[in-house]
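Now for the letters of each chain:
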Amino acid sequence: MIQEAIKRLTEYGIITGLIAEEDRIYTINKLLELFDLDEIECDTDVTNETDGEKTAGTDAASVKVGDLEGILAEMLDYAYEKGIMPENDIVHRDLFDTKIMGLLTPRPSEVICRFRGLYDKSPKEATDFYYKFSQDTDYIRRYRIAKDMKWTVETEYGTLDITINLSKPEKDPKAIAAAKLAKQSGYPKCLLCKENVGYRGRLNHPARQNHRIMPVTIQNSAWNMQYSPYVYYNEHCIVFNSRHIPMKIEHGTFCKLLDFVEQFPHYFVGSNADLPIVGGSILSHDHFQGGSYEFAMDRAPVEREFTVKGFETVEAGIVRWPMSVIRLRSGDREKLTELSDLILEKWRAYTDEEAFIFAETDGEPHNTITPIAHYKDGKFQLDLVLRDNITTPEHPLGVYHPHAKLHHIKKENIGLIEVLGLAILPSRLKMEMGLLKDAILEKKDIRSIEALEKHADWVEEFLPNYTEVNADTIDGILQKEIGLVFCQVLGDAGVFKRDDAGKAAFGRFISSL
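Residues numbered from 1 in each chain as written. Predicted model: local features only at pLDDT ≥ 70, side-chain atom pairs only at ≥ 80, totals over all residues. Heavy atoms only, no water.

Another point: the packing of helix H9 (residues 251–263) against helix H11 (residues 333–348). The N-to-C vectors of H9 and H11 enclose an angle of 145°; their axes lie 9 Å apart at closest approach. Along this stretch, H9 crosses H11, giving a crossing that reads as right-handed. The segment H9 lies against H11, with His251, Phe254, Cys255, Leu258, Asp259 and Glu262 engaging Arg333, Leu336, Thr337, Ser340, Asp341 and Leu344. Grouping the constituent residues of the contact of H9 with H11 by class yields five nonpolar, three polar and four charged. (Axes fitted to C-alpha atoms, helices over the stretch in contact; angles between N-to-C directions. Helix = DSSP H or I, 4+ residues; strand = E, 2+ residues; numbered from the N terminus. Left-handed = near helix turned anticlockwise from the far one by under 90°. Contact = heavy atoms within 4.5 Å. Nonpolar A, V, L, I, M, F, W, Y, C, P; charged D, E, K, R; others polar.)

Laid out in structure tokens, this is it:
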């Protein structure tokens, strides 16, 4: 079985372009070495004709891209049976199958050279190649991404995207305990650092032998681009500083975002805010996220236009969105950046007690911005989302954060992706919604079910709105209501509310510019 798996994986490498036909024997031998085997079994049924001789190979028609998961599973089972892989949990399996795929992954210089050659023809051709490459190497695990639950929900703010993330594997308790006991290391410093390229990994850090990054120059500084292994949307890329330095929203941030979309005009790019609660999960390393996807916020119209004196060449307006968004558009990058600087400077220092907005309390700053850049119809665009991380005893996780009544669906921080209108919901919801579906259909007391008790108030609130609740409609009802909760989550994160008082408060800030 392992012999056939080696042949099939080698063929997979050839049909995906990871290796060339000339690399067949070399690759087979490297795989033999990994599995402590001395030779490959050749037979007359599975061969490859080279210079008139029969060598180990397989029929290309018998291997498809979708076979990779099964091929790797066979190899991992064999490695565990033979003691090559010490444990058979998800952590060890991920470490070892990445090591396997590393044997098929070209050296960084080769991949970079291919990317740059394609970029000279077209930036899109370059990213198309790199995105497919990142999937073919199994850095992006197609078969896991396919497990994510995804749907859309129509709301007053447009069509929102909802996902329940199932592609991050759940670690079992034994693996979690082993990771805690594992030797701590400062190398690489974080999951984004360029030192991850080719890294073998360890129990508390993922393997990256199949990982390759693309160097990009932004504002005369060294940055890199890679794709997220969890691709929450199409071509979900991460653009990160070559140096491990903290995130900071400043003048240079706007310049870099606009520089990137000028180089890759078919992509958007944005930055998480730089403060806890309203920021991203990795504040210690300066980075952006981008890709090729149109979110609900991108489609949202400007509901109120305004002009800032001295910046008449910049189109400015408030976006019709649950959060507080200012949209700026101009063909003049310099003026666009200057106005963005002004808004950031004013917002960082802005206090409006009536609207419960405080620039700082006890010396702790609260106001920042989540910026998103596009290049559309010959103009640069910056969407500036106003953020505030103030907390109170009533809202210890943040006043402008999902409130407690919504935590049964979403408790985590609202980062860049969710700001744009794509909900990333915890994997527990798949199980909970399955149980809830059955409980509703069987008319059970939801409050008496420990796993579902937290959803009871929510169900009692929405269920009376539906006259037809049955096996044919229940999934759609739950999906719609989850989407509406996410819409409320975005509203909670908005610093200026959508009521008349909130719109007036937003107007006061605009008048301060």
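Next comes the rest of the description.
Take empty space enclosed by the protein next. This structure, assessed with the given rule, holds one cavity of 30 Å³ or more. As a volume, the largest cavity reaches approximately 30 Å³. Asp148, Lys150, Thr163, Asn165, Tyr230, Val231 and Tyr232 together form the lining of the largest cavity. Class assignment of the residues belonging to the lining of the largest cavity gives a composition of three nonpolar, two polar and two charged. (1 Å grid on protein atoms, 1.4 Å probe; cavity = no way out; pocket = protein on both sides within 12 Å on 5 of 7 lines; lining within 4 Å. Points joined across faces, edges and corners; volume = space filled by probe spheres on them.)

So, about the packing of aromatic side chains. A full pass over the atoms with the stated rule returns 25 aromatic pairs. Arranged with centres 6.0 Å apart and planes meeting at 70°, the rings of phenylalanine 35 and phenylalanine 96 form a pair that is edge-to-face. With a gap of 61 residues between them, phenylalanine 35 in the loop between helix H2 (24–34) and strand E1 (47–50) and phenylalanine 96 in helix H4 (residues 90–102) connect regions that are remote in the sequence. The exposure classification of phenylalanine 35 matches that of phenylalanine 96, with both residues buried. Aromatic side chains tyrosine 187 and tyrosine 199 sit 5.7 Å apart centroid to centroid with 75° between the ring planes, which places their arrangement in the edge-to-face category. In this pair, tyrosine 187 sits in the loop between helix H8 (173–181) and strand E5 (214–218) while tyrosine 199 sits in the loop between H8 and E5, placing the two residues twelve residues apart along the sequence. When its relative accessible area of 45% is taken as the criterion, tyrosine 187 is described as partly exposed. Within the aromatic cluster, the residues linked to one another by ring pairs are Trp347, Tyr350, Phe496, Phe506 and Phe509. Sitting above the plane of the phenylalanine 380 ring, arginine 333 keeps its charged end 5.6 Å from the centroid. Over the face of the ring belonging to phenylalanine 311 we find lysine 335, whose NZ or CZ atom lies 5.1 Å from the ring centre. (Phe/Tyr/Trp six-rings, centres within 6.5 Å; stacked < 30°, edge-to-face > 60°. Buried < 20%, exposed > 50% of the residue type's maximum accessible area, 1.4 Å probe, protein only. Lys NZ or Arg CZ within 6 Å of the ring centre and 35° of its normal.)

What follows concerns the sheet that holds strand E10 (residues 302–306). One open sheet accounts for ten strands, arranged E5-E6-E7-E9-E8-E15-E16-E12-E11-E10; its pairing is antiparallel. With partners counted over all chains shown, the strands left at the sheet margins are E5 and E10, one partner each. Ignoring which end each strand starts from, the neighbouring axes of this sheet average 25° apart. Relative to strand E15 (residues 367–376), strand E8 (residues 268–270) runs antiparallel, the two sharing two bridges. Paired with glycine 270 across the bridge in E15 is isoleucine 372. Sitting on the sheet, helix H5 (residues 108–121) is in contact with E5 and strand E6 (221–227), with an inclination near 55° to E5. (Pairing = 2+ DSSP bridges.)

With that settled, the discussion passes to the confidence of the model for the chain. When the pLDDT values of the chain are averaged, the result is 93; 93% of them are 70 or greater. Note on residues 49–57: pLDDT under 50 across the span, and 20 contacts to partners over four residues away in sequence or across chains. (pLDDT = per-residue confidence, 0-100.)

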